[in-house]
Amino acid sequence: MQSADSCVLIVAPIGRDALNACEVLVADGINASICTDIPEMCARAQNGVGALLVAQEALADQSMACVSELLRQQPPWSDLALVLLTSGGDATRAGAELLRELGDRCAITILERPLRRVTLVSALRSALRGRKRQCQVRDLLEQRESMLQELQKRAESLEKSQEELLHAKDIISKHASQLEITVRERTAKLKETNAQLEAFSYSISHDMRGPLRAMQQYSTLLLEEEQDKLSPDGKDFLTRISRAAGRLDRLIQDVLLYSRAAQEEIQLAEVDLGKLVHEIIHQYPGFQPPKVSINIDEPLEAVVAHEASLTQCISNLLSNAVKFVPPGKQPEVRVHTQRTNGTVRIWIEDNGIGIAPKNHHRIFNIFERVHSPEQYDGTGIGLSIVKKTVERMGGDVGLESALGKGTRFWIDLPASKHS
Ligand code: ADP
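Remember, predicted model here, so these are calculated numbers, not experimental data.

Peer 1: I would appreciate a short explanation of the state of the cysteines in the present structure.
Peer 2: Where two cysteines share a covalent bond between their sulfur atoms, that bond is called a disulfide. Per the stated rule, a full pass over the model turns up zero disulfides. The thiol of Cys 35 is not disulfide-bonded; the next cysteine sulfur, from Cys 7, is found 7.8 Å away. Counting only cysteine sulfurs, Cys 42 is the nearest neighbor of Cys 106, a cysteine outside any disulfide, at a range of 11 Å. Its relative accessible area of 4% is what places Cys 106 among the buried residues.

What follows is the structure, encoded as structure tokens:
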């Protein structure tokens, strides 16, 4: 079906002009149609038109107003072609007047009769070509309009999403601050409860030591001063009481040390590690040769630590290193340091019984022991003190070991800036 935009509407009310023109155009493949008068042409043109072919005599006053209205209603992209057939002389002058009147609203071409076929066809062909371009512009404009509308819709929905997002963000940030307050309150409460518990266990442990020491001292006194009156069983019972009291006393001492490690104020400072290790070895008879051999790879790197806490840690690790050896074997311990960037790793290595990898983590928990007290004396608190204290000093602790292969404990601490 041919489009209205490519149709030539013809109005030539007198004679055979309209019929002839229509025949010529149709014969040339142009879509042309005859209208009886100007009002009919204007009405049909409302539905789309390619060009107008009008005989001048059809343009009476009323018809002029009709054409003028049609042109006035044309959209901005339209430059409708109006081909005017005149008869020369006055008629042509009237055509020129028409040109002045409507020329800026449409593309007027004036053709004088008698008309050659080729002139008519070429004039309307070029008019239709122009119309085709205008229609292309119209389509592009429509496309642009629909794209703009789509864009507008997207922009609006984007704006809406952004508003929703801001609203959600607002809600989340309100929840977050509420959560922060709750966490802060709960943490403060927990800290308070924890401190109360620690203080309570500290005072209980402390108060238990008095009666315990009395038990220990009186049983020793009885054993020494009343031994003639005691039966062998009586002596055995008293010895057991004394030993049990001693063990309980050590346990309480260690628990006290642990709660002190957890509570004590810690001030970090430069510590001369070499001097500290030498003093520990010197003060403790269990670390002296020839019973044990402790070798230090001098010099030891200085560290940043809390001196009293670090003394406790090194003493605990050295005590374990000389304790956990097979019976009859001389403990050999090596102490050395290794500096990497801003950290010093302190190594304490022994030639003892070693620890199976599955127990490496658990031995740092309080009261965890791999060996029974019958095999090796102890309370299971020493390493938990080491861990707690080292972490409070901003360091870390770990070990490398396998059963029967000795153990290498390490402590990482910040290196001194002055060494
Ligand atoms: P304690 O020495 O009083 O038993 P610790 O907390 O110091 O308690 O150690 C926990 C457990 O870790 C020990 O009972 C022992 O089984 C194991 N352990 C610690 N140090 C060594 C070591 N150097 N060699 C072998 N086993 C060790």
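From this point on, the discussion continues.
Peer 1: Even after reading the chapter, I still don't get the packing of aromatic side chains, so can you show me in this structure?
Peer 2: Working definition: an aromatic ring pair is given by the centre-to-centre distance plus the angle between the planes. According to the stated counting rule, one finds three aromatic pairs in the structure shown. Geometrically, the ring pair formed by Phe 324 and Tyr 376 is tilted, given 5.1 Å between the ring centres and 50° between the ring planes. Of the two residues, Phe 324 is situated in the loop between helix H8 (307-323) and strand E9 (332-340) and Tyr 376 in the loop between strand E10 (343-350) and helix H9 (382-392); the sequence distance between them amounts to 52 residues. Here the two residues Phe 324 and Tyr 376 agree in accessibility, since each one is buried. Note on Phe 364 and Phe 409: the rings are 6.3 Å apart at their centroids and 85° apart in plane angle, and the pair reads as edge-to-face. Linking Phe 364 in the loop between E10 and H9 with Phe 409 in strand E12 (residues 407-414), this pair joins segments that are 45 residues apart in sequence. Owing to a relative accessible area of 8%, Phe 364 belongs among the buried residues under this scheme. Overall, Phe 409 belongs to the buried group, its relative accessible area being 6%. If you follow Arg 345 out to its NZ or CZ, it ends over the ring of Trp 410, 3.7 Å from the centre.

Peer 1: What should I look at first to understand the pairing of E10 in this one?
Peer 2: For E10, a buried count of six out of eight residues is recorded, marking the element as mostly surrounded by other parts of the structure. Two elements, E9 and E10, share eight bridges in a ladder whose sense is antiparallel. What sits directly across from Arg 334, in E10, is Glu 349. In textbook terms, the turn of a hairpin is the stretch between consecutive antiparallel strands, and for E9 and E10 this stretch comprises two residues, one of which, Asn 341, has a positive phi near 50°. One ladder, built from seven bridges, connects E10 with E12; its direction is antiparallel. Note that in E12 the partner of Ile 346 across the bridge is Ile 411.

Peer 1: Is there a simple way to explain the sheet that holds E9 in this structure?
Peer 2: To summarise the sheet geometry, strands pair through backbone hydrogen bonds and adopt either a parallel or an antiparallel arrangement. The five strands are arranged E7-E9-E10-E12-E11 in an open sheet whose pairing can be described as mixed. Among the strands making up the open sheet, the edge pair consists of strand E7 (293-296) and strand E11 (396-401). Neighbour-to-neighbour, the strand axes of this sheet turn through a mean angle of 20°, independent of strand direction. Bridge count between E11 and E12: six bridges; the pairing is antiparallel. Residue pairing for E12: Ser 401 is matched across the bridge by Thr 407.

Peer 1: Explanation requested: helix H3 (residues 61-72) in the structure shown.
Peer 2: Compared with the 16 Å implied by 1.5 Å per residue over 12 residues, the 17 Å span of H3 between its first and last C-alpha is a close match. Buried within H3 we find Ser 63, Met 64, Val 67, Ser 68, Leu 70 and Leu 71. For H3, the buried positions fall inside an angular range of 160° around the axis, keeping them on one side. Opposite the buried face of H3, at more than 90 degrees from it, the exposed residues are Asp 61, Gln 62 and Arg 72.

Peer 1: Sorry, what's going on with a negative patch on the surface here?
Peer 2: Taken together, Glu 156, Glu 159, Glu 163 and Glu 164 make up a surface patch of like negative charges. Examined against the element boundaries, Glu 163 turns out to sit in helix H5 (residues 117-225).

Peer 1: What should I look at first to understand the nonpolar core in this one?
Peer 2: One broad rule of soluble globular proteins: the nonpolar side chains tend to lie buried together. In terms of nonpolar packing, the biggest core is built from 39 residues, with Leu 310, Ile 314, Leu 318 and Ile 411 touching the most fellow members. With seven residues, the top contributor of residues to this core is H8. If sequence neighbours within four positions are ignored, Leu 310 has contacts with Val 271, Leu 273, Leu 276, Val 303, Ala 305, Ile 346, Met 393 and Leu 413.

Peer 1: Where do I start with the site of the ligand in this structure?
Peer 2: Around the ligand, the structure places 20 residues, and the nearest of them are Asn 320, Asp 350, Arg 369, His 371 and Leu 383. Thr 379 places a polar main-chain atom, nitrogen or oxygen, 2.9 Å from an oxygen atom of the ligand. In the environment of the ligand, an oxygen atom lies 2.8 Å from a nitrogen or oxygen atom belonging to the backbone of Leu 383. Across the complex, the protein chains shield 98% of the 530 Å² of accessible surface that the ligand would expose by itself. Counting residues per element, the ones that place at least two in the shell around the ligand are H8, H9 and E12. The residue makeup of the shell around the ligand, split by class, is eight nonpolar, eight polar and four charged.

Peer 1: What am I meant to see in the pattern of salt bridges here?
Peer 2: Pairing between side chains of opposite charge can happen when their charged atoms approach one another. All told, the structure shown has 22 salt bridges when counted by the stated rule. Between Glu 180 and Arg 184 there is a salt bridge whose closest N-O contact spans 3.3 Å. Remark: Arg 184 and Glu 180 occur in helix H5; sequence separation between them is four residues, near one turn of the helix. Taking the relative accessible area as the measure of exposure, Arg 184 reaches 53% and is therefore exposed. Where Lys 387 meets Glu 391, a salt bridge forms, and the shortest distance between an N and an O atom there is 2.9 Å. With Lys 387 and Glu 391 both in helix H9 and four residues apart, the pair spans about one turn of that helix. The network of salt bridges with shared partners includes Asp 297, Arg 334, Glu 349, Glu 400 and Arg 408.

Parameters and conventions
- Residues numbered from 1 in each chain as written.
- Predicted model: local features only at pLDDT ≥ 70, side-chain atom pairs only at ≥ 80, totals over all residues.
- Heavy atoms only, no water.
- Disulfide = S-S within 2.5 Å.
- Buried < 20%, exposed > 50% of the residue type's maximum accessible area, 1.4 Å probe, protein only.
- Phe/Tyr/Trp six-rings, centres within 6.5 Å; stacked < 30°, edge-to-face > 60°.
- Helix = DSSP H or I, 4+ residues; strand = E, 2+ residues; numbered from the N terminus.
- Lys NZ or Arg CZ within 6 Å of the ring centre and 35° of its normal.
- Pairing = 2+ DSSP bridges.
- Axes fitted to C-alpha atoms, helices over the stretch in contact; angles between N-to-C directions.
- Expected span 1.5 Å × (residues − 1).
- Arc of directions from axis to C-beta.
- Patch = residues over 30% accessible without salt bridge, like charges linked within 9 Å, V, L, I, M, F, W, Y side chains within 5 Å.
- Areas by Shrake-Rupley, 256 points an atom, 1.4 Å probe, with all protein chains shown as cover.
- Salt bridge = Lys/Arg side-chain N within 4 Å of Asp/Glu carboxyl O.
- Lys, Arg positive; Asp, Glu negative; His and termini not counted.
- Charge placed at Lys NZ, Arg CZ, Asp CG, Glu CD.
- Core = buried A, V, L, I, M, F, W, Y, C linked by side-chain atoms within 4.5 Å.
- Contact = heavy atoms within 4.5 Å.
- Near = heavy atom within 4 Å.
- Polar contact = N/O pair within 3.5 Å; in protein donor to acceptor, adjacent residues only side chain to side chain.
- Nonpolar A, V, L, I, M, F, W, Y, C, P; charged D, E, K, R; others polar.

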